[in-house]
Amino acid sequence: MKREEECISVSNLAPVLSEDIIKRAKLLNTTLISDAMGCTGSMDYKIKPVSTGMKVVGTALTVSLRPGDNLFLHQAIYDGTEGYVLVADGKGHTANAYLGELMAAAAKAIGLEGIIIDGAVRDKETLSQSGFPIFSKGFIPNGPLKDGPGELHKPISCGGVSVIPGDLIIGDDDGVVVVPKEKIEEVLFKAEKKLEYEKTRLETIEAFERARLQGESGGNIQPSWLREQMKAYGL
């Protein structure tokens, strides 16, 4: 079955991902996850946290919005609960803010893990200080309409990436990455291996620098894969 054909009814949410999956994902970051998916899976680079240091990990809860209208975003918030990250397809609209202080406070009170929105928000100072992870394309004072229409709990596109209810969402200072639910185990395994490699690699680089500063010969830190790749160019 194609991913686009998978739908969740309005009255039901996709199951929350297991505690083990969430725990493992929280030990990683978006760059490792994207690398594990072949350098794919990232939303538009303009979708960033409203404040530096915010990170979110959870199960996708989706909503599609009419540009500039947040009626269905309100309902999506109240459909949510702990474990879910609300992902909103705002169609990239930035002439109106889809949410502000009040909606963010409600989402936090309900227990949502965070909100990702392909569009603008407002109340920057309050949102930045709230500690509640919100990712958007920026800020604008203009408020939204509240007329609809929209769609809840169905496949959407957010920031150029397909999102199906139940997918794994990871967001940090670098942006937002979506892991299709059928690929989560494979991706986490690869990302964990990449993390191990990077830790070992960094230790090697740091040891080389210490040796150089002490006037010792630290050997060669050029990675083996680079040497192999450059052979094709006669270097």
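Predicted, not measured: the structure shown is a model, and the values here were computed from it.

Chemist: Would you mind showing me how to read the overall build of the protein chain here?
Modeler: In terms of regular secondary structure, the protein chain is built from 7 helices and 10 strands. With the C-alpha coordinates of the protein chain rotated into their principal frame, the extents come out at 70 × 45 × 35 Å. Within the protein chain, residue pairs in contact and separated by at least 24 positions form 76% of the contacts whose partners lie at least 6 positions apart. Per element, the accessible surface of the protein chain, about 12300 Å² overall, is 53% carbon and sulfur.

Chemist: Can you help me understand the pairing of strand E2 (residues 56-65) in this one?
Modeler: Along E2, 10 of the 10 residues are buried, which leaves the element largely enclosed by surrounding structure. With 4 bridges joining them, E2 and strand E9 (residues 168-172) adopt antiparallel strand pairing. Among the inter-strand pairings, Thr59 is bridged to a residue of E9, identified as Leu168. Here E2 runs beside strand E3 (residues 84-97); their pairing, made up of 6 bridges, is parallel. Across the sheet, the residue bridging to Ser64 is Asp89, located in E3. Here E2 pairs with strand E6 (residues 150-152) via 3 bridges, running antiparallel.

Chemist: Any chance you could explain the pairing of E3 here in plain terms?
Modeler: Looking along a regular strand, one sees side chains alternate from face to face of the sheet. Chirality of the crossover, the property in question, places the unit of E2, helix H3 (residues 71-79) and E3 among those that are right-handed. One ladder, built from 6 bridges, connects E3 with strand E4 (residues 114-120); its direction is parallel. If you follow Leu86 over to E4, its bridge partner there is Ile115. Traced from E3 through helix H4 (residues 101-110) to E4, the parallel crossover comes out right-handed.

Chemist: How should I be thinking about the environment of Asp173 in this particular structure?
Modeler: Note on placement: Asp173 falls in the loop between E9 and strand E10 (175-179). By relative accessible area, which is 37% here, Asp173 ends up partly exposed. Sequence-distant contacts of Asp173, defined by excluding residues within four places in its chain, comprise Lys48, Pro49, Ser51, Thr52, Gly53 and Met54. There is a polar contact of 2.8 Å between the side chain of Asp173 and the backbone nitrogen of Gly53.

Chemist: Would you take a moment to explain the environment of Glu192 for this structure?
Modeler: Examined against the element boundaries, Glu192 turns out to sit in helix H6 (residues 184-213). Accessibility expressed as a relative area gives 23% for Glu192, which makes it partly exposed. Here the alpha-carbon distance between Glu192 and Ala97, two residues 95 residues apart in the chain, equals 37 Å. Dropping the residues within four chain positions of it, Glu192 is found in contact with Arg24 and Leu28. In terms of polar contacts, Glu192 uses its side chain to reach the side chain of Arg24, at 2.8 Å.

Chemist: Would you mind showing me how to read the pattern of salt bridges here?
Modeler: Side chains that differ in charge, positive against negative, can pair when their charged atoms come close. Overall, the coordinates contain 12 salt bridges when judged by the stated rule. Here Asp89 ties to Lys91 by a salt bridge, and the two come within 3.4 Å at their closest N and O atoms. According to the relative accessible area criterion, Asp89 is buried, its value standing at 9%. When the shortest N-O distance is used, the salt bridge between Glu198 and Lys194 registers 3.2 Å. Remark: Lys194 and Glu198 occur in helix H6; sequence separation between them is 4 residues, near one turn of the helix. By relative accessible area, which is 26% here, Lys194 ends up partly exposed. Residues participating in the shared-partner salt-bridge network are Asp20, Arg24, Glu185 and Glu192.

Chemist: Looking at this structure, I do not really get the packing of helix H1 (residues 19-26) against H6. What am I missing?
Modeler: When two helices pack together, their arrangement is given by the angle between the helix axes and the distance between those axes. Interaxial distance between H1 and H6 falls to 10 Å at its minimum, and their mutual angle equals 35 degrees. When the axes of H1 and H6 are compared, the crossing they make is left-handed. In this structure, H1 contributes Ile21, Arg24 and Ala25 to the contact, and H6 contributes Ile184, Glu185, Leu188, Phe189 and Glu192. Its residues placed into classes, the contact of H1 with H6 shows 5 nonpolar, no polar and 3 charged.

What counts as what
Residues numbered from 1 in each chain as written. Predicted model: local features only at pLDDT ≥ 70, side-chain atom pairs only at ≥ 80, totals over all residues. Heavy atoms only, no water. Helix = DSSP H or I, 4+ residues; strand = E, 2+ residues; numbered from the N terminus. Contact = heavy atoms within 4.5 Å. Areas by Shrake-Rupley, 256 points an atom, 1.4 Å probe, with all protein chains shown as cover. Buried < 20%, exposed > 50% of the residue type's maximum accessible area, 1.4 Å probe, protein only. Pairing = 2+ DSSP bridges. Right-handed = clockwise from strand over helix to strand, strands pointing away. Polar contact = N/O pair within 3.5 Å; in protein donor to acceptor, adjacent residues only side chain to side chain. Salt bridge = Lys/Arg side-chain N within 4 Å of Asp/Glu carboxyl O. Axes fitted to C-alpha atoms, helices over the stretch in contact; angles between N-to-C directions. Left-handed = near helix turned anticlockwise from the far one by under 90°. Nonpolar A, V, L, I, M, F, W, Y, C, P; charged D, E, K, R; others polar.

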